[in-house]
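Residues per chain, in single letters:
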Amino acid sequence: MLKKMLNKWFTVSAVLLMALFTSLQATAADNPYQLMQQASDKLFASISDNQSKIRQDPNYMRTIVKQELMPYIHVNYAGSLVLGQYFKSTTPAQRDQFFSAFAGFIEQSYAQVLTMYKNQRIQIEAEKPIGDQNILSIRVNIIQTTGAAPINLDFKWRKNTRTGQWQAYDMAAEGVSMVETKKNEWSNILRQQGIDALTAQIRKSAAAPIKLEN
């Protein structure tokens, strides 16, 4: 009898814990500030814990970004912004190839930017009322231990109006947006050579090794 009661209690407890965990996940998915905190905690903890490995192999930073940050990134939306007016003139297959290459480029770019992190204190701006906003920016400050000005990273988030899920789609380092920069930089290639040529170029850029600052 006691064994049966304990088994029943453990089963109920497990169900309640799973329900609570699912509820917490759903709550976080509805709040970009919580998602930003979640992503930041995972990302910077992993970078901090693996400093020696990163010094030995800087490209390991890409692995960290892929595991801890990329799940929060809406690659296809960011890619569609980069394509801009040229999006409609591409085929679904071409877009898939572009988005795949662009995901690798984002991974490489973010990994390179994050080499600036050397166990500094991370400060995420206080949560503000979201209201009916579908797009917002959340600032993350990397506080320098040397007394220098903080490194400002602004993550832009977008709410999927169909699913209600928030995802990041751009990062601006010191006010410079990656999406806008690449949209302007790549527009000539898109206009003159087309998306296939751009995709090939992006693949090469994405393969560039991560370099640590001296």
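What counts as what
- Residues numbered from 1 in each chain as written.
- Predicted model: local features only at pLDDT ≥ 70, side-chain atom pairs only at ≥ 80, totals over all residues.
- Heavy atoms only, no water.
- Helix = DSSP H or I, 4+ residues; strand = E, 2+ residues; numbered from the N terminus.
- Buried < 20%, exposed > 50% of the residue type's maximum accessible area, 1.4 Å probe, protein only.
- Contact = heavy atoms within 4.5 Å.
- Areas by Shrake-Rupley, 256 points an atom, 1.4 Å probe, with all protein chains shown as cover.
- 1 Å grid on protein atoms, 1.4 Å probe; cavity = no way out; pocket = protein on both sides within 12 Å on 5 of 7 lines; lining within 4 Å.
- Points joined across faces, edges and corners; volume = space filled by probe spheres on them.
- Nonpolar A, V, L, I, M, F, W, Y, C, P; charged D, E, K, R; others polar.
- Phe/Tyr/Trp six-rings, centres within 6.5 Å; stacked < 30°, edge-to-face > 60°.
- Lys NZ or Arg CZ within 6 Å of the ring centre and 35° of its normal.

This paragraph deals with the overall build of the chain. Secondary structure summary: the chain contains eight helices and five strands in total. Helices (α) and strands (β) of the chain occur, in sequence order from the N terminus, as α-α-α-α-α-α-β-β-β-β-β-α-α. In the chain, which comprises 214 residues, the proportion classed as buried is 42%. Taking as baseline every contact in the chain between residues at least 6 positions apart, the subset at least 24 positions apart corresponds to 60%. For the chain, the exposed area adds up to about 12400 Å²; of that, 54% sits on carbon and sulfur atoms.

This paragraph deals with empty space enclosed by the protein. Applying the stated criterion across every chain, the model contains one cavity of 30 Å³ or more. By volume, the largest cavity amounts to about 40 Å³. Contributing to the lining of the largest cavity are Met36, Ala39, Ser40, Leu43, Phe44, Val140 and Phe155. No other element matches the five residues that helix H2 (residues 32–49) contributes to the lining of the largest cavity. Among the residues forming the lining of the largest cavity, the class breakdown is six nonpolar, one polar and no charged.

Even without glycine at this site, glutamate 174 takes up a positive phi of about 55°. As for its position among the elements, glutamate 174 is in the loop between strand S4 (166–173) and strand S5 (176–177).

Further remarks concern the packing of aromatic side chains. Applying the stated rule across the entire model yields seven aromatic pairs. Centroid distance phenylalanine 102 to phenylalanine 105: 6.2 Å. Interplanar angle 15°. Geometry classified as stacked. Within this pair, phenylalanine 102 and its partner phenylalanine 105 are both found in helix H6 (residues 92–113), separated by three residues, close to a single helical turn. The class of phenylalanine 105 is buried, set by a relative accessible area of 6%. In this structure, lysine 53 is placed above the aromatic ring of tyrosine 60, and the distance from its NZ or CZ to the ring centre is 4.7 Å. Just above the ring of tyrosine 77 sits the side chain of arginine 158; from NZ or CZ to the centre is 4.1 Å.

Read these as geometric descriptors, not functional statements.
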